[in-house]
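Structure at a glance
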Amino acid sequence: NAGVTQTPKFRVLKTGQSMTLLCAQDMNHEYMYWYRQDPGMGLRLIHYSVGEGTTAKGEVPDGYNVSRLKKQNFLLGLESAAPSQTSVYFCASQDEGKKTQYFGPGTRLLVL
Amino acid sequence: GENVEQHPSTLSVQEGDSAVIKCTYSDSASNYFPWYKQELGKGPQLIIDIRSNVGEKKDQRIAVTLNKTAKHFSLHITETQPEDSAVYFCAASHPGGSYIPTFGRGTSLIVHP
């Protein structure tokens, strides 16, 4: 099993550009999450999904959109990138039984 | 909602010493407390967890203790090794919140050889 994978690993954007980050999991988990990690701020929840076709806002949702069209995939979109969105983005899926989260390797995004 | 405070933000120890990281939570309904380790350039990974029906859990050199009355839990690492150097996150969650975790801000542990 690959676990949780994220693409791309690294991306540079110019202010105003858009992009989509892809997260995929092969563990058949219902719950999936998108976090951003900034120095000294820990992991902040952007959006999450409790099942295929559902999404919900987290702590810092502004400027991001998500979609969960397939159970194994969770997409994070930036409509118009801003320098404040420079961060490392982590996707996670959750085992409903054990409650454990499994994280992907992260996507490092730089917005100029 | 739940609030998780984690201390210290940075911890520096000598190889072989013990390290203790402490977290407090605010929601008495929380009953699942995982700890994650994040190595440089990687995603966090679960290292140990504890549920509210036990007070302590051990796994080799790591242990977690939980005090439900005081609403705090701690991670203990004994005989630290350089490979223990990483950022550690605590979290709390409960069934009313669909077990969506609230994370602490993290502790950067540095183990000096």
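So, here is what we can say about the structure in this document. Everything numeric here is computed off the predicted structure, so don't read it as measured data.

As for the overall build of chain B
The helix and strand inventory of chain B stands at zero helices and 11 strands. Put simply, chain B runs from its N terminus to its C terminus through helices and strands in the order β-β-β-β-β-β-β-β-β-β-β. Taking 13 Å as the expected radius of gyration for a compact globule of 113 residues, we find that chain B reaches 14 Å, a close match to that expectation. Its C-alpha atoms give chain B principal-axis dimensions of roughly 45 × 30 × 20 Å. For chain B, the residues scored as buried account for 44% of the 113 residues in total. Of the contacts made within chain B by residues no fewer than 6 positions apart, 54% connect residues no fewer than 24 positions apart. Here chain B displays about 5,600 Å² of accessible surface, and carbon together with sulfur accounts for 47% of that area. Looking at charge distribution, chain B has the averaged site of its 10 positive side-chain charges lying 6 Å from that of its 12 negative ones.

A closer look at the state of the cysteines
Residue and element names in this part refer to chain A. Going through the model one piece at a time under the given rule, you end up with two disulfides over all chains. With a sulfur-sulfur separation of 1.9 Å, Cys23 is cross-linked through a disulfide to Cys91. The sign of the S-S torsion, about -75 degrees, decides the handedness of the disulfide formed by Cys23 and Cys91: left-handed. Placement of Cys23 in strand β3 (residues 19–25) and of Cys91 in strand β9 (residues 87–94) is noted, with a sequence separation of 68 residues between them. Assigned by exposure class, Cys23 and Cys91 land together as buried.

Focus on the side chain of A:His29
By secondary structure assignment, the location of A:His29 is in the loop between β3 and β4 (31–38). In contact with A:His29, not counting residues within four places along its chain, are A:Arg68, A:Lys71, A:Ser93, A:Gln94, A:Asp95, A:Glu96 and A:Tyr102.

Comments concerning the interface of chain A and chain B
By a widely used convention, the size of an interface equals the accessible area lost when the partners come together. At the junction of the two partners, chain A supplies 20 residues and chain B supplies 18 residues. Both sides of the chain A and chain B interface together cover about 1,500 Å² of buried area, and 60% of this is carbon and sulfur. Considering only the side of chain A, the residues that lose the most area to chain B are A:Leu43, A:Lys99 and A:Phe103, jointly responsible for 32% of the buried surface there. Inspection of the region where chain A meets chain B yields zero salt bridges. Our count for the contact surface shared by chain A and chain B stands at three residue pairs in polar contact (both at pLDDT 80 or more). Of all the secondary structure elements, the ones that give two or more residues to the side of chain A that touches chain B are β4, β5 (42–49), β9 and β10 (101–103) of chain A. Residue composition of the side of chain A that touches chain B, grouped by class: 10 nonpolar, eight polar and two charged.

Considerations on the nonpolar core
In this structure, B:Trp35, B:Phe73 and B:Leu109 are the most contacted members of the largest nonpolar core, which totals 23 residues. Contributing elements (two or more residues each) for this core: β2 (10–14), β3 (19–25), β4 (32–38), β5 (45–51), β7 (62–67), β8 (72–77), β9 (86–92) and β11 (107–112) of chain B. Here B:Phe73 is in contact with B:Ile21, B:Lys22, B:Cys23, B:Tyr25, B:Phe33, B:Trp35, B:Thr65, B:Leu66, B:Cys90 and B:Ala91, once residues within four sequence places are set aside. Counting 19 residues, the second-largest nonpolar core is a separate cluster that includes A:Val4, A:Leu13, A:Tyr64 and A:Leu109.

Some thoughts on the pairing of β5(A)
Residue and element names in this part refer to chain A. Counting buried residues in β5 gives eight out of eight residues, a clear majority hidden from the surface. Direction of pairing for β4 relative to β5: antiparallel, over a ladder of seven bridges. The residue bridging Arg36 from the neighbouring strand is Arg44, located in β5. Hairpin connection between β4 and β5: a loop of three residues separates the two successive antiparallel strands, and Gly40 in this loop has a positive phi of roughly 75 degrees. Sheet topology places β5 next to strand β6 (residues 56–57); two bridges connect them, and they run antiparallel.

Conventions adopted
Residues numbered from 1 in each chain as written. Chains lettered and ligands numbered in written order. Predicted model: local features only at pLDDT ≥ 70, side-chain atom pairs only at ≥ 80, totals over all residues. Heavy atoms only, no water. Helix = DSSP H or I, 4+ residues; strand = E, 2+ residues; numbered from the N terminus. Rg over C-alpha atoms; globule rule 2.2 N^0.38 Å. Buried < 20%, exposed > 50% of the residue type's maximum accessible area, 1.4 Å probe, protein only. Contact = heavy atoms within 4.5 Å. Areas by Shrake-Rupley, 256 points an atom, 1.4 Å probe, with all protein chains shown as cover. Lys, Arg positive; Asp, Glu negative; His and termini not counted. Charge placed at Lys NZ, Arg CZ, Asp CG, Glu CD. Disulfide = S-S within 2.5 Å. Buried area = accessible area lost by both parts, 1.4 Å probe. Salt bridge = Lys/Arg side-chain N within 4 Å of Asp/Glu carboxyl O. Polar contact = N/O pair within 3.5 Å; in protein donor to acceptor, adjacent residues only side chain to side chain. Nonpolar A, V, L, I, M, F, W, Y, C, P; charged D, E, K, R; others polar. Core = buried A, V, L, I, M, F, W, Y, C linked by side-chain atoms within 4.5 Å. Pairing = 2+ DSSP bridges.

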